[in-house]
Amino acid sequence: MTVTSLPAKAPAAGAPAGPTRPRRRRRLGYERRRAAWLMLTPALIHLTWWIGIPVLATFVLAFTHYDVLAGTITWAGLDNFTEIFADETWNTSILHTVVYTFFTVPVAMALAVVIAVLLNAKMRARAWYRAAFFLPHITATVAIALVWMWMFEPNIGLFNAVLAMFGVNGPAWLSDPAFAMAAVIVVSVWKGVGLKMLIYLAALQSIPPETYEAADLDGASGPRRFWSITLPLLKPATFFVFVVSMIDAFQVFDQVYVLTPDGGPANATTVMTFEIYRTAFSEFRISTACAQSLVLFAFLLVLTVISRRLTGKDDDAR
Amino acid sequence: MPRKASLHMASQTTAVTRRTVLSAAFGLGVAAAAGCGGPAPSSSTDTGEASGAIRLLTPIFEGAEGQKTLEGLLATFKQKYPKVTVEVDYTTYAKLNEKLTTSIAGGRPYDVMLMGVGWIPPFAAKGVLADLGENADALTSRFNKRVVDPGVYQGKVYALPIMLDTRFGIYRKDIFAEAGLSAAPKNFDELRDMGRKLTKREGGKLVRAGVDILSNDLRQTFLPLMWANGGELFTPDGKVAFNSPASVAALQLMTDIIVTDKTEDFGYTQPGAATGIPLVQGRAAMMVGHNNVWLEIEKNAPDLVKDSKIGFFPIANTRAAMFQGGTLGTVAAKSQHPAAAKALVQFLADSDAALAACRQRGNVPALKALESSEYVKANPSVQFAMGNLDSAFSEGGVPAWLEIRGDFKAAIESALLGKKSPQQALDELAAKATQVMARS
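Residues numbered from 1 in each chain as written. Chains lettered and ligands numbered in written order. Predicted model: local features only at pLDDT ≥ 70, side-chain atom pairs only at ≥ 80, totals over all residues.

(A) Spotlight on the overall build of chain B. When helices and strands are tallied, chain B shows 21 helices and 14 strands. Each of the 440 residues in chain B was classed as buried or not, and the buried ones make up 53%. (Helix = DSSP H or I, 4+ residues; strand = E, 2+ residues; numbered from the N terminus. Buried ≥ 20, exposed ≤ 12 C-beta atoms within 10 Å, placed from the backbone.)

See below:
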């Protein structure tokens, strides 16, 4: 960055000259800065205590052998990282997280765009429909998971009852490793589509109506308007939704924990956050869990940097 | 980007960062503990006058009914020890370790912790638990020896037993009679034969499992089968033994039931299924189950009790075996009020409290004096368990057990699903366990 020094500004003609004014300005600046620091102090203490120290502790502990029960701690170097990458369950959990993200994010985004476009059109009870689609996002996962568990139940559940009408023997959705992750993804898509829809809706409403009017005059059909106007103009929102959803997907925990306790059949739904939880709180391996947290942090950092780059570029363009 | 969305992005990014770092927030407590921690004292508990405010962590006394039971008991305790105040933290066995970890890492462990059988060696070895100063031999005059041993580590008593829980074979006499069978299976071959005969399918769909091995926790189903076949978890000198030929044969039996005989389909049921226990509903002819299945039978199928349609059998092949766990009371080595904490443990292990706890959970009393109680007389499942304690086996025994036990489920499932052979599944598990034990 280049810094240019500006010449000292001469007093304006007719303005009272003398030492009083600059001193008052300096004093005012000092007081304002002091007030700002005073007001910031509680937030800074809060951030340091609840975020700064835990982050620092996690980084440090990841390189130690910390025995939480005995209260002993020794330097471990990279042992914990070597250990986790030799652990089949952890490596599988990374794969499952990627699979979960791969299927959750694009599917939910596609659905969200379609729903947002439909709910942007004029129709009766539009507000009710919007609220209905947003409702899963603000509903407690534990509560809705119980309903989904009933629907997935192999003997009396809704899905298998519907399949039985067509003569199909439905699977044990949450107990069969071939279907457990799919079931979790379905619930996650259902839960996540509302927020994405809301963001798309906001973006749709910012598209100037004149653009569509011009397209109408040119005789563009509905699909053509969607592909040539709506979708390109939704690009900034799409970038945003995509990156935030990716980060969110990497942190999935509650749906997995409630629907498939113990990480699912044969660890079929064990994702990174669940494995971190299990390592720390079931196996008392705090240092290993810290190392796993750092790996997850690295994934999220990369995604955040990508997000900054993509959205930053977009902001510059505008 | 629209301004609204841009603002939202900013807040989301902040939230993500915060959530990311908060996922590691437990490190704060950990760091604090690391700074001021150290091996806990292992001295005997002070037995002076009991006083002070103590905290109790309990994985039993669940739900509103359990809470009501414990509150009643603590009111009695308060009358006996007016200077002691007890603050209770209710949890479940599934969440017990989470509570223990955070309390210990935070430098403020619960004064009294109720734990399972496998928990004592790991916690005693790390100095978390206080030596209760009891004599193990003397305790066996009051308690069954089977339940005293799990509370003893390196000759010292760290826990007093409150109740036992067991897993064994349970069968429907009426379904057996319909199939022309008059007695429960006495070995693995009979178990498979009867299972095949009792299985019922309609249009390819399983409507009655011949043998239900999935309603119970998979590890706790596998272990009694392993013991019944002569296998052991660990050798006397603490080496992994659960991949021995006898153990592999036990897992092979489970695999055969699912894969070869198809007497139960994987996913047919699971522990704690919302639809209830298949045996109680007639959707299974026999099962490996918990003794408290009786409570569900009494509640949901009283006719089965009335008509004596339920029978019990020990899992047997080369020997009879029954899985035996239990709940024990311990005192934290760092308790500020060890006398009060020990008084509470003794109170909870005593007859009135133990009986109330057993009645609430349908479990087996640890006190010999309760063998003749009305509760035991009225509960055939508990009577069967008490009558077969000679063939009971318990899991755990090594300090690394809590790290190892969680891996059994995935290993067993991989065999049941045909992803790995029983030998391969147990060999891999054994290798991992050996590694964990070496590290510990």
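Having put the structure on the table, let's press on.
(B) Local environment of the domain arrangement of chain B. Residues and elements named next belong to chain B. Parsing chain B into structural domains produces domain 1 (52-165 + 325-393) and domain 2 (167-323 + 398-439). Between domain 1 and domain 2, the contact holds 21 residues from the first and 19 residues from the second. Looking at the side of domain 1 that touches domain 2, the elements with two or more residues in it are helix H5 (120-125), helix H18 (380-387) and strand S14 (392-393). In terms of residue count, the dominant contributor to the side of domain 1 that touches domain 2 is H18 (4 residues). Considered class by class, the residues forming the side of domain 1 that touches domain 2 number 10 nonpolar, 9 polar and 2 charged. (Domains from an automatic or database assignment. Contact = placed C-beta atoms within 7 Å. Nonpolar A, V, L, I, M, F, W, Y, C, P; charged D, E, K, R; others polar.)

(C) Quick look at the packing of helix H11 (residues 245-260) of chain B against helix H21 (residues 422-439) of chain B. Residues and elements named next belong to chain B. H21 packs onto H11 with a crossing angle of 130° between their chain directions and a minimal axis gap of 9 Å. The angle between H11 and H21 places the two elements in the oblique class. For the element pair H11 and H21, the recorded crossing hand is right-handed. Of the residues in H21, those in contact with Ser 247, Val 248, Leu 251, Gln 252 and Thr 255 of H11 are Pro 422, Gln 423, Ala 425 and Leu 426. Of the residues in the contact of H11 with H21, the class split is 5 nonpolar, 4 polar and no charged. (Axes fitted to C-alpha atoms, helices over the stretch in contact; angles between N-to-C directions. Parallel < 35°, antiparallel > 145°, perpendicular 65-115°, else oblique. Left-handed = near helix turned anticlockwise from the far one by under 90°.)

(D) Examining the confidence of the model for chain A more closely. Taken over all residues, the pLDDT of chain A has a mean of 86, while the share at 70 or more is 89%. Contacts of residues 1-15 of chain A to residues separated by more than four positions or lying in other chains number 1 contact, the stretch itself having pLDDT below 50. (pLDDT = per-residue confidence, 0-100.)

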